Amino acid sequence: MKINGRTKITGIFGYPVEHTLSPAMHNAAFEDLALNYCYVPFSVHPDDLESAVKAIRALNICGVNVTVPHKERVIPLLDELNEEASFIGAVNTIVNSEGYLKGYNTDGRGFMQSLEEKGIYLDDKDVLVVGAGGASRAVCFYLIQKVKSLSVYGRSTEKLENLVADLRVMRNNLTAVRELSLLDRYHMIINATPLGLREEDALPLDPSLLKEGQIIYDLIYKETRLLKEAFKKGASVIDGTSMLLWQGAFAFELWTGKRPNVDVMRQALAGDR
């Protein structure tokens, strides 16, 4: 990769950001298409978020990804949101068009594409999403339109009620779950909580209630303890790496107007783990 006066800069705002795998996959895709772009991580303290967003305009940064803890707090600093980001209440991608900043959320599309590439279709299936935060809203925005029935569990009553109310405007095939029991009735269970990021985290659900043949999808992009326990029960398990890949591919297209070679991005992700 050669950087010169015409190089367009993209990157990621997060805190911390040292663990991110995004630079590897994006820079590999830029190089593969011979695009004069570069992707760099920016460690942005929460107190400096407003200044960092102003810097997108001032430094003519082409666009950035946004990760924790900034996905919600960045919204008032932008000029516009697309439909998904507005519903989800979180932004993971910003596009700079001559100083006009538009926020997107590609997480939900990335999730659905990861299912499609694995040949998983949920039209006649019952699905449970554990969690009612931003990650849950991102996947539920698409799931509600695809599945036979969708159940959502959240520890925060307020977040759960708000999510269910928003989803029911789209389609009324939804149930708010107050306790995580009878898990064997679901074809797929999705962990959309951060539980599992650390080894000492509690499990988001009781794996003894799972059964052989279920699909357990953890949005965290590593093999979590939940996935290990679910595999022992005979479930099919998926971690969040493929969702990370596809949400990145969609962000890449928003910035460049070109479709990346997803296999190149996938190989870069595998090599950087």
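Residue numbers here run from 1 along each chain, matching the order of that chain's written sequence. Where totals are concerned, whole chains, interfaces and linings use all residues; where local detail is concerned, this predicted model gives features only for residues with pLDDT of at least 70, and gives and counts side-chain atom pairs only at 80 or more. Calculated side-chain values reflect all of the structure's heavy atoms, with hydrogen atoms and water omitted.

Our next topic: the sheet that holds strand β5 (residues 93-97). Strands are treated as partners if at least two bridges between them are detected by DSSP. The helix and strand labels rest on DSSP assignments: H or I over at least four residues marks a helix, E over at least two residues marks a strand, and numbering proceeds from the N terminus. Taking strand neighbours across the sheet as the criterion, the 6 strands line up as β2-β1-β3-β5-β6-β4 in an open arrangement whose pairing is mixed. Each edge of the open sheet is held by one strand with a lone partner, namely β2 (37-43) and β4 (80-81). Relative to strand β3 (residues 63-66), strand β1 (residues 8-14) runs parallel, the two being bridged by 4 bridges. Bridge pairing in β3 links I12 to N65.

Let's shift gears to helix α6 (residues 157-170). With 14 residues, α6 extends 21 Å between its outermost C-alpha atoms, agreeing within 8% with the 20 Å of an ideal straight helix rising 1.5 Å per residue. The buried label goes to any residue with under 20% of its type's maximum accessible area, the exposed label to any with over 50%, and the partly exposed label to all in between, with areas taken from a 1.4 Å probe on protein chains only. Every buried residue of α6 is accounted for by L160, L163, V164 and L167. Viewed end-on, α6 has its buried residues packed into an arc of 100°, placing them on one side of the element. Facing away from the buried side of α6 by over 90 degrees, the exposed positions are E158 and V169. Throughout, a residue-residue contact means that at least one pair of heavy atoms, one from each residue, lies within 4.5 Å. Where α6 is buried, its residues touch α3 (83-88), α5 (134-143), β8 (149-153) and β9 (174-177). Multiply 1.5 Å by the residue count of a helix minus one, and that product is the helix's expected span. Here, the arc refers to the directions that run from the helix axis to the C-beta atoms.

Attention now goes to the packing of helix α4 (residues 107-117) against α5. Helix axes use the C-alpha atoms of the stretch in contact, all axes being lines fitted to C-alpha atoms, and the angles between their N-to-C directions lie in the range 0 to 180 degrees. α5 packs onto α4 with a crossing angle of 60° between their chain directions and a minimal axis gap of 8 Å. For the element pair α4 / α5, the angle class is oblique. Note on packing geometry: the crossing formed by α4 with α5 is right-handed. Along its contact with α4, which presents D107, G108, R109, F111 and M112, the element α5 presents A138, V139, Y142 and L143. Gly is placed with the polar residues, together with every amino acid not listed as nonpolar (Ala, Val, Leu, Ile, Met, Phe, Trp, Tyr, Cys and Pro) or charged (Asp, Glu, Lys and Arg). Residues that form the contact of α4 with α5 fall into these classes: 6 nonpolar, 1 polar and 2 charged. Angles below 35 degrees are treated as roughly parallel, those above 145 as roughly antiparallel, those between 65 and 115 as roughly perpendicular, and all remaining angles as oblique. When the near helix sits turned anticlockwise from the far one by under a right angle, the crossing is termed left-handed; a clockwise turn instead gives a right-handed crossing.

Right, let's get into the packing of aromatic side chains. Each aromatic ring pair is summarised here by two numbers: the centre-to-centre distance and the angle between the ring planes. Side-chain rings of Phe, Tyr and Trp, where Trp is taken by its six-membered ring, are said to pair if the distance between their centres is within 6.5 Å; with planes under 30 degrees apart they count as stacked, over 60 as edge-to-face, and otherwise as tilted. Scanning all chains against the criterion turns up 8 aromatic pairs. Aromatic pair F30 and Y37: ring centres 5.1 Å apart, planes at 25°, arrangement stacked. Each member of the pair F30 and Y37 is classed as buried. Three or more aromatic residues joined by ring pairs form one cluster here, namely F30, Y37 and F252. Definition used: whenever NZ (Lys) or CZ (Arg) falls within 6 Å of the ring centre and also within 35 degrees of the ring normal, the charge is taken to sit over that ring. R109 extends its terminal NZ or CZ atom over the ring of F250, reaching a point 4.6 Å from the ring centre.

With 5 of 7 residues buried, β1 lies mostly within the body of the structure. Taken together, the 7 bridges between β1 and β2 define a ladder with parallel strand orientation. Among the inter-strand pairings, I9 is bridged to a residue of β2, identified as C38. Since β1 and β2 lie parallel, the crossover through helix α1 (residues 22-32) that links them has a hand, and here it is right-handed. By the criterion used throughout, a crossover qualifies as right-handed when its path from the first strand across the helix to the second strand runs clockwise, the strands pointing away from the viewer.

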